[in-house]
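# Structure at a glance
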Amino acid sequence: MSERFFLYDDTVETKTRFVSFMGDNQRFDLAVIQSDRYYGKQLVLDIQSNRFAIIGEDDLKEPGYIEHAFNLNEENAEELREFLFEII
């Protein structure tokens, strides 16, 4: 077996917010992770669906981004988008 080649192997300080809220049709259980990585964007994990995305304000304005990243219909994506605009 050859020696493992790492592209990087860093440990960084993070701030993690766990939040759960009920939309009109769906419950959202999220972990929102802030670090000095990803150019100021945040790592958003949807614990219920096992999906995640690196999200900044520009991504929230991108049509269809939240729908695709979290596999949501337009209505549920808009609820998530509105919440994320408040915290990102």
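Residues numbered from 1 in each chain as written. Predicted model: local features only at pLDDT ≥ 70, side-chain atom pairs only at ≥ 80, totals over all residues. Heavy atoms only, no water.

## Observations concerning the overall build of the protein
For the protein, the count of helices and strands is 3 helices and 4 strands. For the protein, the succession of helices and strands along the chain, N to C, is β-β-β-β-α-α-α. Taken across its 88 residues, the protein has 33% of its residues classed as buried. Long-range pairs, those at least 24 residues apart, make up 31% of the contacts in the protein between residues at least 6 apart in sequence. Of the roughly 6,600 Å² of accessible surface on the protein, 48% is carried by carbon and sulfur atoms. Positive and negative side-chain charges in the protein, numbering 9 and 19 respectively, have mean positions lying 4 Å apart. (Helix = DSSP H or I, 4+ residues; strand = E, 2+ residues; numbered from the N terminus. Buried < 20%, exposed > 50% of the residue type's maximum accessible area, 1.4 Å probe, protein only. Contact = heavy atoms within 4.5 Å. Areas by Shrake-Rupley, 256 points an atom, 1.4 Å probe, with all protein chains shown as cover. Lys, Arg positive; Asp, Glu negative; His and termini not counted. Charge placed at Lys NZ, Arg CZ, Asp CG, Glu CD.)

## Section: the nonpolar core
Ranked by size, the top nonpolar core spans 17 residues in total, and within it L30, I55, I66, F70, L80 and L84 carry the most contacts. Among the secondary structure elements, those contributing two or more residues to this core are β1 (15–22), β2 (27–34), β4 (51–55), α2 (65–70) and α3 (74–87). Among the elements that make up this core, the one with the highest residue count is α3 (4 residues). Every residue in contact with L30, bar those within four places of it in the chain, is listed here: R17, F18, V19, F21, V44, L45, D46, I47, L80 and F83. (Core = buried A, V, L, I, M, F, W, Y, C linked by side-chain atoms within 4.5 Å.)

## Comments concerning the pairing of β4
Note: strand β3 (residues 42–46) against β4, 5 bridges, orientation antiparallel. Of the residues in β4, the one forming a bridge with V44 is A53. Turn length for the β3-β4 hairpin, with the two strands adjacent in sequence and antiparallel, is 4 residues, and the turn residue N50 shows positive phi of about 60 degrees. (Pairing = 2+ DSSP bridges.)

## What about the sheet that holds β3?
Sheet architecture is open: 4 strands sit in the order β1-β2-β3-β4, paired in antiparallel fashion. Each edge of the open sheet is held by one strand with a lone partner, namely β1 and β4. For this sheet the average axis-to-axis angle between neighbouring strands, irrespective of direction, equals 20 degrees. Packing against the sheet, α3 makes contact with β1, β2, β3 and β4, and its axis sits at approximately 35 degrees to β2. (Axes fitted to C-alpha atoms, helices over the stretch in contact; angles between N-to-C directions.)

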